[in-house]
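# Observations on the three-dimensional arrangement
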Amino acid sequence: MFRLPLIAFYLNPLRTPPSFKPQKTLMASTNIFLLQLSIFLLIFLPKPCFPKNQTLFFPLKTQALAHYYNYRATANKLSFHHNVSLTVSLKLGSPPQDVTMVLDTGSELSWLHCKKTVSFNSIFNPLLSSSYSPVPCNSPTCKIKTQDLPVPASCDPKGLCRVTLTYADLTSTEGNLATETILIGGPARPGFVFGCMDSGSSSNSQEDARTTGLMGMNRGSLSFITQMGFPKFSYCISGVDSSGVLLFGDASFAWLKPLSYTPLVRISKPLPYFDRVAYSVQLEGIKVGSKVLNLPKSVFIPDHTGAGQTMVDSGTQFTFLLGEVYSALKNEFIQQTKGILRAFDDPNFVFQGAMDLCYLIESTGPSLPRLPIVSLMFSGAEMSVSGERLLYRVPGLSRGRDSVYCFTFGNSDLLGIEAFVIGHHHQQNLWVEFDLINSRVGFAEVRCDIASKRLGIIV
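What counts and how
- Counting of residues starts from 1 at the beginning of each chain's written sequence and follows it residue by residue.
- Reporting of local features is limited, given that this is a predicted model, to residues whose pLDDT is at least 70; pairs of side-chain atoms are given and counted only at 80 or more, and all residues count toward the totals for whole chains, interfaces and linings.
- Side-chain measures here rest on the full set of heavy atoms in the structure, leaving out hydrogens and waters.
- UniProt positions are given in the numbering used here, feature names are shortened, and annotations may be inferred rather than shown by experiment.
- Only the six-membered ring of Trp is used, alongside the rings of Phe and Tyr, when aromatic pairs are assigned; centres must lie within 6.5 Å, and planes under 30 degrees apart are stacked while those over 60 apart are edge-to-face, with the rest tilted.
- To qualify as a helix, a DSSP run of H or I must reach at least 4 residues; to qualify as a strand, a run of E must reach at least 2; elements of each kind are numbered from the N terminus.
- Summary of the burial criterion: residues with accessible area below 20% of their type's maximum are buried, those above 50% are exposed, and those between are partly exposed, where the area comes from a 1.4 Å probe applied to protein chains only.
- Think of it as a cone above the ring: NZ of Lys or CZ of Arg counts as a charge over the ring if it is within 6 Å of the ring centre and within 35 degrees of the ring normal.
- N or O atoms closer than or at 3.5 Å make up a polar contact, with two conditions inside protein: a donor-capable atom paired with an acceptor-capable one, and, for residues adjacent in sequence, both atoms drawn from side chains.

Per an unreviewed UniProt entry, the protein carries the name Peptidase A1 domain-containing protein and comes from Citrus clementina. As recorded by UniProt, the Sequence similarities (unreviewed entry) comment attached to the protein reads in full: "Belongs to the peptidase A1 family."

Here's what the structure looks like:
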């Protein structure tokens, strides 16, 4: 997950952005346009301890803070908070403590703030849990299972396993690896490995204070999904209201269309810019309306360093494309919207540091004009982005009666990211399945608000 502050700012055209390795971001990136996303958590046969074909539900609740919305946790309902990033509440420890974690398919290690500071009010307190156990640095967990982390684990003066996570915005967090008992869909599960973080730096401490930590959901050995033993999981984020679905296991519903699958791209050889445990797929082309961009296939294929992979990331809001591809898409979108959209002509204005195609749209207008559909073409599947998902209103910025909207595709080069990143904004109203057994990601168009209602979720 890449941290992309949800503020508009002006870039110095002469300033060169720093070069970062494609690592993930720390937390949610904005406190504007909060949406409460209720997620229905279904667990289908994750481990032999659950009876066959049994569907388990458990209530989770979110805390109302400032301008947050309130939810009452009731039986068989799970409150899931959508605040640009997706957060879920769980119980950890003995006795259980409530924690709120960012759901991130682009990260491996789950971690929690374990030391209360001015910046972090929501913490997990290991001193209050009888089942908390720090991991020694000479254990196999520390020596072997941390190998996919961006920074190698180390030993602290007490002989405990120390982990450091750094992110694309130079944010970092540091602490000890530990095991704890987690409550999820049935009996308590001991031995959950996570990072109990006691220090770090943040570029947005006000927003980071709203969550306790992060739930890593990639394919790494220490990720939440791997540790829990689920063969697959999926989610569906509504684009029209606050409903949504998170599901662990098979999505066998008669109302769900057959999924179109694209295989995961796997490279066994370690490469400096290729994340081997990410959900990496092969982007083959982009279409605007009926026109396929005239680009060579080679621009979508990772090079000898691993730069250029395409990652499906729930922890990033928008979609970011490498410079050559972004420029081609931008130019074609401009061409096809001439006479439809009025450009916001300010050469120094860049939204979120990477989105430089913006427009002026009358605030009192009934809706956005009809826009060409942008389709991301994968091997075996296609993701179509249309309507309001193509333009995003910049919070707090206007010119007279006009609001400023920006194109929801950005330029990875301006962020120093050597990858294509498919963010969750463009995954709205799609059933997105991550199939770990068959190494593939599936997509199916669906009204996620209706899907929520069919599953009994009332928002």
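## Description of the packing of aromatic side chains
Taken as a whole and judged by the stated rule, the model has 23 aromatic pairs. A ring pair is formed by Phe318 and Tyr392, whose centres lie 5.0 Å apart and whose planes are at 70°; its orientation type is edge-to-face. In this pair, Phe318 sits in the loop between strand E21 (309–312) and strand E22 (319–321) while Tyr392 sits in strand E28 (residues 391–399), placing the two residues 74 residues apart along the sequence. Like Phe318, the residue Tyr392 is buried in the burial classification. With a centroid separation of 5.2 Å and an interplanar angle of 40°, the aromatic rings of Phe407 and Phe409 are classed as tilted. Taken together, the ring pairs in this structure connect Phe124, Tyr132, Phe192, Phe194, Phe224, Phe230, Phe233, Tyr235, Phe248, Tyr279 and Phe434 into an aromatic cluster. Over the ring of Tyr261 we find Arg440, and its NZ or CZ is 3.5 Å from the ring centre.

## A short note on the UniProt feature "active site" (unreviewed entry) in the protein
Following the UniProt record, one finds the feature "active site" (unreviewed entry) at Asp104 and Asp313. Sequence-wise these annotated residues cover 210 residues; spatially they are packed, their C-alpha atoms never more than 6.9 Å apart. The topology assignment puts Asp104 in strand E7 (residues 97–104). What makes Asp104 buried here is its relative accessible area of 0%. On the basis of relative accessible area, Asp313 is assigned to the buried category, the value being 2%. Reaching out from Asp313, the side chain makes a polar contact with the backbone nitrogen of Gly106 at a distance of 3.3 Å.

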